[in-house]
Amino acid sequence: MEIAIKLYFTLRKDNTPSGSQKGKTPLTKKGRPKNARDLENERKKITRELDKLMKNHEKASKALDDFQNEQSNDQSLIDDDMILYDSKKNKSLWAVLSKPEIDSFPGLPASCTQEVLTAWDFLCTFNRSLSLHPIALDDFAAALICKPTSKDETAIPPLYLVETHLALLKLLMNDISSDSWWWSTLETPETEAKEEIGRGEADNIAPTIKVDFVALIDYEEDPIVTRKWLQALEDIRIKRANAGGSIKAVIKSAVSLTTNPFVKSYLKKAMQGWKSGDAAFAKQSVMWLIGRVREARPDLWGRTFDPGALKENKAKVAHGAASAMEALEDVTEENVEDIHYGESDGEESDFEDDENDMETEEDFKQNRQDANRISSTVKEDLAAPVTTIIPNKPPPYMVDLLLPPYKPLFNSNLVSPFTWSFMVGASVSRILHRYKRLRNEVDDNLREFAELEPLTVGERRKREKLSVFRVLSECIAEAENGQECPIESAVEHLCSGRDYLSLTALQRLCILRVLIEAAYDTYHINQCVQDNINARTTAIKQLENEERRAKKEAKEEAAKVEMAARQRLAIEAKDEFISKKKREIIRKNKYTGEFTNEYLDSLTEDDIASFEEETKAEFDALPGPKQFSKNEVRTIVSKINDEVAFNTNELEALTLEEIQSRENNTLVDMEEELARYSDPGTVYSRDISAKTENLKREIQSFKEWQESLPASRAEAIDALKDAIEDGSIKALRSAIRIAKQTLLSGEDEETGGMWTLCLLRDAALELKNAEKRKRVTEAQKELIARRDKCFVRTEVAGKDRAYNQYWHFEHDVGGGVWYDAHFKIKSEGDESDDDATPKMNPAHIIMGAKDEENDLRDSNDKKFIKFSRQEYHPSGTVNSLVRHHNGCMSSSKSLRGLIKNLDSKGLREASLKTSLKVILEASGFVDAQANEGETEGADAVKSVGDDDHFAEAKAMASSNPEDFGTVQGLPMINSIQSAIGQRCRIRRVADEISAPDAATYLNGSVAGWKIKKTITEYHNPETEELTVAEKQKILWSVALDHGGEEEIAALELLNGLVRAKKWKHQYPGYFEHDSPLFSYRNKVGRFCGRAADAPYAASNLCFSKLMLKREQEFYSSLKSRTYENNWGGKSGLRNNWIATLKENVDGANSLRDALLTLEDAFNELCGEPVEQNDSNSNKTAKELLKDDNLRCDIELESLGLKISGLWHCYDSRAVFREIISSSSALGIFALGLDLICRNCQAYLDATKPTVTRKSASNYTINYDQYTSASGRMTRSAYSTGTETQANGRRQNSWQQQNDDY
């Protein structure tokens, strides 16, 4: 380009045309222009060509610089798996993860930590939907393990657990989704109606075969067998008509199950109409039979019917079936010969083998009396194929007998602070049964899709048993090796009427998790999530707009800085050109002497630029602000940013060696100056002497600094590196302050600017960027809060190179980061130690039942198998659940250590690192190291050497507790030699006077100790002077789990160590009565009443008030329906009962007696039950309850219209009284009271007086006699009536017997 410019200015003599220009006229003419006009034209032409070249050069240079800039700044993130393995960094990462502040919750297995977090996060996230005020994580875990020390019967669980379970119960009972599982183990008229809706097409199916339906339904077959072959035939509903093989297998299975000859004959005739590839006739016949038998025999499904009503129903259905079959022809042996039986030529029918074994109708009539003996011998054939997806139904528990036959209403007395634990047990039992059914359905669908043989009954029962262990992923850890399943044992415990407080912490967690899983399926929660998704989408769009605006402002700011850099480059180029030309003019003037020195000194920039034509042309050709390359601009931009970061006009970055060299030069200059003052020729004076002394002191101090600074500077440099890696504002400010204290930056007297260490400059720039990010975050804080308010779920903060997941919960007051670490599965012969990832044997890491992979696909498909297994472990080598290793990093030190060991080049770790920095900045953690050195004269904290002081404190607590203080459980820590590194639980009381029982507990680790000197002044009465006394006090520093530190004395240290051990290991008898857990009040909802009365909502006093209220509600209505009222009569039984409840409600015995007395009174008022000849009448109530089969026939509810008393039979009353008498749980009493009230209401509804038209005519009142002449009835005429007025009120027994009264 320079050659071209010189050529066009004719500064280079080259008259030879180029090869490509031969035969053409050159651009410049030979020789000089002839006149001024030609010269001007040629100059203009050259100028235009020059401008064109300069523009092309500028465009090409810009494109080249942009490309080089993109290539140099191209730091594209790559997959973490492709990053070069660094064993040192990997070991550092696992060293941080192996020492979390919180690794588990006391009283709960370590493998259940994730389940605790899941349950707590759901309750906090959906707190508004549940009307439940959130609680801290530590208090939630404390609620799960809380067990009162006293064995008082009146002890109740923590109020938070009561409110939580009531909130979940009301949510579930008020949602339509609960209908899918509430009826899973109960068969009632409501559930039967729902089932009939699902099979409504059977009512519209026309019969295809003529059969003696009366004889078919009158055959005395074991109900269990009848249910089995009906359930076997149910599978035909989902079969297609062209699936002949499947339909044939179902019918054969039913034939093998049934003992009814009429059913076998019917099914044989149905198969006679089967054709190859078309089984529509057989399917239609079977579906008609299923519908009619279910309609005629509703008693098969556990419902109790009056024998007369059942017989009438059979006759009605049989009559309808006979009417529908009138148009059909009988299928005889003569017209059967032409029907294809579904077998190939030459092959005998499978039904011929059963023909000899089939019982004839004559045999049925002869053996009718012996048919009942079959039920005692029928057992489940474990080798037979399954015929239904419905699992075995458990027998009804004690709680089930007290519940109504319908789903309880969410606002009824059945869902109350008294009964919540037993309602929870009944609900979880049904939810698990529904889960088993869904799992069976999935198993069958997968096997049918894979065209596999159906499961056998034994295999199905085995899978059903294991399915409960698969409901939760971690809660099964304690149920391995043949131990009892915590979920099923908890359900049995609660449904049997036992106390909730007797459950273990694991069982409580399992119960809560099952309810939460059911809550996820509710319409209310799903609608809430959907609404939040829509609102969150809008909030995210607003946030994205704000982010784009912030990026635009940052881009505009960067453009301003770039323009300033270009202008500085242009000014520097101009100044350099002017200085260069001025020196040339001065140098030429020395030879010519044309100008005077005064004239040269007075030359301005414009004068120099236009001094000559050539100079003017060069000045005009200087590059403008837009003509500099990106590299040049980038260098100046970086320089400007450095100057802005240090708030100076010029900054020089130096290395440590250059700083030391400057200091040595400064020392040499000071010594030379001192030597000049020491020159013999110097005249001494007072000022010179003072300066000499000052210089000596400065030189001495400077030398001392040079000796002590290297160590301090090394620490400061390490702190700067760690802070830059950390990236947080607090760490950077602390490191920069320490670096400035070690003289790694200072003022430059020569330039008037500053000099600094290169690393310090980088830290200042990083601090500036961090502050800029914080300003952007603060500006977007409101929008982020609006987005987070539209909750959907807690998203993972990120993953590291080992696929470990990290979580941060917004409701966690500690602000810690939880991680879920994946350990490697150790293979056989793997003894490598280069990888620091912890390794475990498969036998130790695998838990729970393995996946049945054969149901999914052939196990030889390695790719699919590995992909499906990666849900359990990243390696894809196990087909079962694996143990989770969770921990929480809640301190500033651990979080910064984690951030430091993350690689910014990886996709996952770069994103995780950014998220952790934001969490660290927002958490407000206080780093203990950040405060070091701020307080001058403070004693340093020592990390070792407290053995003697700790032993002395223990000795003082043991020998002199009156002066030292009381330490409960001191022998537990006698074996501890040093307190450093031990766990400590500190108790803090906010107000000792007004609220001495409201305390908070803080967990931490003892980090060090120090000696604190205190100076006190007191007045000495003897000398009447102020005496100063100096005392030394030993303090221990405790690093808290949730950030910060506490300094405690010896007494508090010993109590904290003992308290931590008791809390960690759940020491028997240890109970924190002043924990924040027990001061919890639900501010969002009031499931237990007012806040002041909530802790006592399930007390004996409240239940006695409830009994009094319910008795008053029903007594006034019952007393008018009886002839003899011994309860409220002159005997005074009712008054005594009321007085007893008001005065003596101390224990469960008094409440039990009161409830039984109330039942006895209501039973007398309603009337005794009708005698029934029941086969079980010779068994006692206790025997009926212990027998699972007989328990299924117990019905305590008064059903139907013919109700003549409180109970429908004597056995029902005996069972009820046995349940109440054998229980001491207040919830069972509440369920029993509600059952009595329901039966009373049913009795009142059944005995309500009815008025017919005929009876109403006998009591018609002639109102004409009471009317006036105008036709209007008057009160005076009505009051003076002479005829007997008919009384609409029902007469009592004495009035009915004395008609003349």
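Residues numbered from 1 in each chain as written. Predicted model: local features only at pLDDT ≥ 70, side-chain atom pairs only at ≥ 80, totals over all residues. Heavy atoms only, no water.

Draft legend 1. Quick peek at the overall build of the protein. Scanning the protein for helices and strands turns up 50 helices and 15 strands. Split into buried and exposed, the 1301 residues of the protein put 40% on the buried side. Of all intrachain contacts in the protein linking residues separated by at least 6 positions in sequence, the fraction that spans at least 24 positions is 74%. Carbon together with sulfur atoms contributes 49% to the accessible area of the protein, which is approximately 74,700 Å² in total. (Helix = DSSP H or I, 4+ residues; strand = E, 2+ residues; numbered from the N terminus. Buried < 20%, exposed > 50% of the residue type's maximum accessible area, 1.4 Å probe, protein only. Contact = heavy atoms within 4.5 Å. Areas by Shrake-Rupley, 256 points an atom, 1.4 Å probe, with all protein chains shown as cover.)

Draft legend 2. Just the packing of helix 41 (residues 1100-1118) against helix 47 (residues 1226-1246), in detail. As a packed pair, helix 41 and helix 47 sit with axes 11 Å apart at the nearest point and diverge in direction by 10 degrees. Compared by their axis directions, helix 41 and helix 47 come out roughly parallel. Residues Asn1100, Phe1103, Leu1106, Met1107, Arg1110, Phe1114, Ser1117 and Leu1118 of helix 41 touch helix 47, and the partners they reach there are Leu1226, Phe1229, Ala1230, Leu1233, Asp1234, Cys1237, Cys1240, Gln1241, Tyr1243 and Leu1244. (Axes fitted to C-alpha atoms, helices over the stretch in contact; angles between N-to-C directions. Parallel < 35°, antiparallel > 145°, perpendicular 65-115°, else oblique.)

Draft legend 3. Expanded view of the sheet that holds strand 11 (residues 885-889). What the 4 strands build is an open sheet, ordered 4-5-6-11; its pairing is antiparallel. Pairing within the sheet leaves two strands with one partner each, and these edge strands are strand 4 (798-799) and strand 11. By the bridge criterion, 5 bridges tie strand 6 (residues 817-821) to strand 11 in an arrangement that is antiparallel. In the strand pairing of strand 11, Trp818 is matched with Cys888. (Pairing = 2+ DSSP bridges.)

Draft legend 4. Spotlight on the environment of Arg447. With respect to the helices, strands and loops of the structure, Arg447 is situated in helix 20 (residues 420-449). Distance from Arg447 to Asn854, taken between C-alpha atoms, is 8.6 Å for residues 407 residues apart in sequence. Beyond its immediate sequence surroundings of up to four residues, Arg447 is in contact with Leu452, Glu453, Pro454, Leu455, Arg463 and Asp855. Within the structure, the side chain of Arg447 is placed 2.8 Å from the backbone oxygen of Glu453, a separation counted as a polar contact. (Polar contact = N/O pair within 3.5 Å; in protein donor to acceptor, adjacent residues only side chain to side chain.)

Draft legend 5. Just the sheet that holds strand 1 (residues 651-654), in detail. Pairing within the open sheet is mixed, and its 3 strands lie in the order 1-3-2. Two strands close off the open sheet at either side, each with one partner strand: strand 1 and strand 2 (745-747). Ignoring which end each strand starts from, the neighbouring axes of this sheet average 20 degrees apart. When strand 1 meets strand 3 (residues 754-757), the two strands line up parallel, connected through 4 bridges.

Draft legend 6. Summary view of unusual backbone geometry. The phi angle at Asn647 is positive, at roughly 55 degrees, despite the residue not being glycine. When you line up the elements, Asn647 lands in the loop between helix 28 (630-646) and strand 1. At Tyr803, a position not held by glycine, the phi torsion is positive, near 65 degrees. Counting through the fold element by element, Tyr803 comes out in the loop between strand 4 and strand 5 (805-807). By relative accessible area, Tyr803 is classed as partly exposed at 32%.

Draft legend 7. Here's a closer look at a negative patch on the surface. The grouping of Glu650, Glu652, Glu657, Glu658, Glu747, Glu749 and Glu750 at the surface amounts to a negative patch. Mapped onto the fold, Glu750 is located in the loop between strand 2 and strand 3. (Patch = residues over 30% accessible without salt bridge, like charges linked within 9 Å, V, L, I, M, F, W, Y side chains within 5 Å. Salt bridge = Lys/Arg side-chain N within 4 Å of Asp/Glu carboxyl O. Lys, Arg positive; Asp, Glu negative; His and termini not counted. Charge placed at Lys NZ, Arg CZ, Asp CG, Glu CD.)

Draft legend 8. Here's a closer look at the pattern of salt bridges. Overall, the coordinates contain 38 salt bridges when judged by the stated rule. Measuring nitrogen to oxygen at the nearest pair gives 2.9 Å for the salt bridge that ties Lys581 to Glu618. Of this pair, Lys581 sits in helix 24 (residues 523-592) while Glu618 sits in helix 27 (residues 613-620); the two residues are 37 residues apart in sequence, bridging distant segments of the chain. Of the charged contacts, one joins Asp1234 and Arg1238 as a salt bridge, the two residues approaching to 2.5 Å between their closest N and O atoms. Residue Asp1234 and its partner Arg1238 are located together in helix 47, separated by 4 residues, close to a single helical turn. With a relative accessible area of 10%, Asp1234 lands in the buried category. With relative accessibility at 12%, the residue Arg1238 sits in the buried group. Through salt bridges with shared partners, a single network forms among Glu1159, Asp1160, Arg1213 and Arg1217.

Draft legend 9. Molecular detail of the side chain of Ser427. Along the chain, the position of Ser427 falls in helix 20. Relative accessible area serves as the criterion here: at 0%, Ser427 is assigned to the buried category. For Ser427, the side chain forms a polar contact with the main-chain oxygen of Met423, separated by 2.8 Å.

Draft legend 10. Seen up close, the packing of helix 46 (residues 1210-1221) against helix 47. Contact geometry of helix 46 with helix 47 gives a least axis separation of 10 Å together with a crossing angle of 155 degrees. The angle between helix 46 and helix 47 places the two elements in the roughly antiparallel class. The crossing of helix 46 and helix 47 is left-handed. Residue-level inspection shows Phe1216, Ile1219 and Ile1220 of helix 46 in contact with helix 47, the latter providing Ile1228, Phe1229, Gly1232, Leu1235 and Ile1236. Tallied by class, the residues present in the contact of helix 46 with helix 47 amount to 7 nonpolar, 1 polar and no charged. (Left-handed = near helix turned anticlockwise from the far one by under 90°. Nonpolar A, V, L, I, M, F, W, Y, C, P; charged D, E, K, R; others polar.)

Draft legend 11. Spatial organisation of the packing of aromatic side chains. Tallying each qualifying case throughout the model produces 19 aromatic pairs. Centre to centre, the rings of Trp1127 and Trp1137 are 5.7 Å apart; their planes meet at 65 degrees, and the pair counts as edge-to-face. Of the two residues, Trp1127 sits in the loop between helix 41 and helix 42 (1133-1143) while Trp1137 sits in helix 42, which places them 10 residues apart along the sequence. We classify Trp1127 as buried; its relative accessible area is 4%. (Phe/Tyr/Trp six-rings, centres within 6.5 Å; stacked < 30°, edge-to-face > 60°.)

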